[in-house]
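What the coordinates show
Each chain is listed here by its residues.
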Amino acid sequence: MTRRKAFTVAAQGLGGLAGAAIVLPAVGFAVAPIFHRGKERWEAVGPTSDFVEKTYRQVVFTETEGIGDAGKVTAYIRRGSKTFDEDPNTFVAVSNRCAHLGCPVRFVEAAGNFICPCHGGVYDFEGKRIGGPPVRPLDQFQTRVRNGKVEVGPRYSVTSQLEPVRARDPGEFTGGIWEYLYPPRPSTFPAP
Amino acid sequence: MPKPKLPDSIVPAPLRKPAKPGAAGTAKGKAPADLKTSPPPRKGDVERLTDRAVEAPVDVLAWVDQRTAASGILTGMLFRKVPKGTNWFYTLGSATLFAFIVQATTGVFLAMFYTPSATQAYASISHINNEVPLGALVHGMHKWGSSVMVILIFLHMGRTFFFGAYKYPRELNWVIGVVLLILTMTMAFTGYLLPFDQRSFWASIVGININGTGPIVGPYLSDFLRAGPELGATTLSRFYAIHMLLVPGAIIALIGAHMYLVMKLGTTAPPWLKAERPKPATPVSQLDGGAEGDAGGNGAAGA
């Protein structure tokens, strides 16, 4: 290696280091939220007596703090039912976020179904998809009872057999090979 | 009554259209009279001052030109040849550029009143629309102008495609154009969230979720766009920064590259024009005075 070549390589290397010292922290700053998981949040939504087995009760609670109404989400909550092999002392909280592209679904009492206004997704009483474009059942929220009140916690997704998995965004399949094609994100909470 | 005409002196010499050979004022004219034997009549003070005043802008431009040599580039750019058959379809690129300039200008003024905060964004847009003088107009220009720009960029792309103007040697310009198209769509997508009303909120959720359906990288891309697992306060400021700092800079730089290549390579003739065959060269013997001497003989021998 000639002296000239050595200096060229050294100067370019130093320049690269200086550039990286500026660019890498900036990129890391922008990308960091992907790896950050917020604090687990539980919110009381009413006494246990508010909720029955036969139908859902709509509750609104805050999922994302600091942005006012935009951070609120809707869940449909019922008491666990023996019809579905559930403990009557537990509560089921179904998210109203459509599994197709995230529009708000509505529980239609007369039909006993969840119906999405955007592209016609339909889910049965348990939240399983029975029609339209959604790729999986409706998400659910963890629930617990504290001081006689039902509390809702982190969101999780379910497979077509309603087995809990880590929360996925709408449009992403769950279960089987899809667990690898749509990997769980570090920013979500582990499934219950 | 002679036709009114801008005096040549207003146009600085370097920018003047070069005179055609043989026209008045070129070398063919009469040689100037000897200054010693018949000096020009001495001018009065007023006349000299007027002359200086008329020359002032020229002097200023000449001063700049001497230090930048910009006139060569400018004349090359402004008097470049365009092919036969150039028509209105060729204005779509300039129209897109104009739409971008409108967006940039109105965007700067909107930014003076807009607050990129999840709790105040909606209120600041209402303030712009309802209370700021002409606010609704500027906001409306920005809002509708975005659609205009997207439509124009697609028409421009269609023109380029159907005229075959993407072919050699202009492939790189097509590639730059596609990147500009993607950046324009990014602008449209990130700008849509900023009013933070119901429509923009849900449209952004749907848009981010569509991004998320890409296998493997999709979920992470969604988290990157939202700056977290849910659309939140940081999402809005992130979209705002992308919308007004990151992408506009990239667009301006790429428009520069795009236009440089247009200047450098020139435009194409429309495809319905057949290429003209070059005229066969006239043999030297048939040229006027071609018989005498052997000037140009080499060319004739080579043919």
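Just so you know, these numbers come straight off a predicted model, no measurement behind them.

Along its length, chain B carries 10 helices and 0 strands. Scanning chain B from its N terminus toward the C terminus, one meets helices and strands in the order α-α-α-α-α-α-α-α-α-α. Looking at the 303 residues of chain B, the share that counts as buried comes to 21%. Look at the contacts in chain B between residues 6 or more apart in sequence, and 67% of them connect residues 24 or more apart.

Here the focus is the interface of chain B and chain A. On the chain A side, the residues contacting the 25 residues of chain B number 25 residues. Elements with a contribution of two residues or more to the side of chain B that touches chain A: α7 (198–212), α8 (218–226) and α9 (233–265) of chain B. Here the side of chain B that touches chain A takes 7 residues from α7 of chain B, the largest share from any one element. Its residues assigned to classes, the side of chain B that touches chain A comprises 14 nonpolar, 9 polar and 2 charged.

Moving on, we get to α7 of chain B. All names here are of chain B. Over its 15 residues, α7 extends 21 Å from the first C-alpha to the last, a length consistent with the 21 Å expected when each residue adds 1.5 Å. Those residues of α7 lying buried are Phe201, Ser204, Ile205, Ile208, Asn209 and Gly212. The arc that holds every buried residue of α7, seen down its axis, measures 130°, which confines them to one face. Buried residues along α7 sit against α6 (171–193) and α8.

Where interface size is quoted, it is often the accessible area lost as the parts come together. Each assigned domain of chain A is listed here: domain 1 (3–35) and domain 2 (43–181). Distance from the C-alpha centre of domain 1 of chain A to the C-alpha centre of domain 2 of chain A: 46 Å.

Residues and elements named next belong to chain A. Strand order in the open sheet made by the 4 strands is β5-β6-β7-β8, with antiparallel pairing throughout. Only two strands of the sheet have a single neighbouring strand rather than two, namely β5 (106–108) and β8 (129–131). Across 2 bridges, the pairing between strand β6 (residues 113–115) and strand β7 (residues 122–123) is antiparallel. Across the sheet, the residue bridging to isoleucine 115 is valine 122, located in β7.

Considering every residue of chain B, the mean pLDDT works out to 86; 84% of them sit at 70 or more. Per-residue pLDDT stays below 50 along residues 293–303 of chain B; that stretch engages in 5 contacts with residues further than four places along the chain or on separate chains.

Here we come to the environment of aspartate 197 of chain B. Looking at the secondary structure, you find aspartate 197 of chain B in the loop between α6 and α7. Classification of aspartate 197 of chain B as partly exposed rests on a count of 14 C-beta atoms within 10 Å.

A separate point is the environment of glycine 121 of chain A. If you trace the backbone, glycine 121 of chain A turns up in the loop between β6 and β7. Once residues lying within four places of it in the same chain are set aside, the contact partners of glycine 121 of chain A are Cys98, His100, Val105, Cys116, Gly132, Pro133 and Pro134 of chain A.

Okay, the packing of helix α5 (residues 135–162) of chain B against α6 of chain B next. Two quantities define a packed helix pair, namely the angle between the helix axes and the distance between the axes. Residues and elements named next belong to chain B. Following both chains from N to C, one finds α5 and α6 inclined at 160°, their axes separated by 10 Å at the closest point. Considering their axes alone, α5 and α6 lie roughly antiparallel with respect to each other. In this structure, α5 crosses over α6, and the sense of that crossing is left-handed. Along its contact with α5, which presents Ser146, Met149, Val150, Ile153, Met157 and Thr160, the element α6 presents Trp174, Gly177, Leu181, Thr184, Ala188 and Gly191. Classifying every residue of the contact of α5 with α6 by side-chain character gives 7 nonpolar, 5 polar and no charged.

About the thresholds
Residues numbered from 1 in each chain as written. Chains lettered and ligands numbered in written order. Predicted model: local features only at pLDDT ≥ 70, side-chain atom pairs only at ≥ 80, totals over all residues. Helix = DSSP H or I, 4+ residues; strand = E, 2+ residues; numbered from the N terminus. Buried ≥ 20, exposed ≤ 12 C-beta atoms within 10 Å, placed from the backbone. Contact = placed C-beta atoms within 7 Å. Nonpolar A, V, L, I, M, F, W, Y, C, P; charged D, E, K, R; others polar. Expected span 1.5 Å × (residues − 1). Arc of directions from axis to C-beta. Domains from an automatic or database assignment. Pairing = 2+ DSSP bridges. pLDDT = per-residue confidence, 0-100. Axes fitted to C-alpha atoms, helices over the stretch in contact; angles between N-to-C directions. Parallel < 35°, antiparallel > 145°, perpendicular 65-115°, else oblique. Left-handed = near helix turned anticlockwise from the far one by under 90°.

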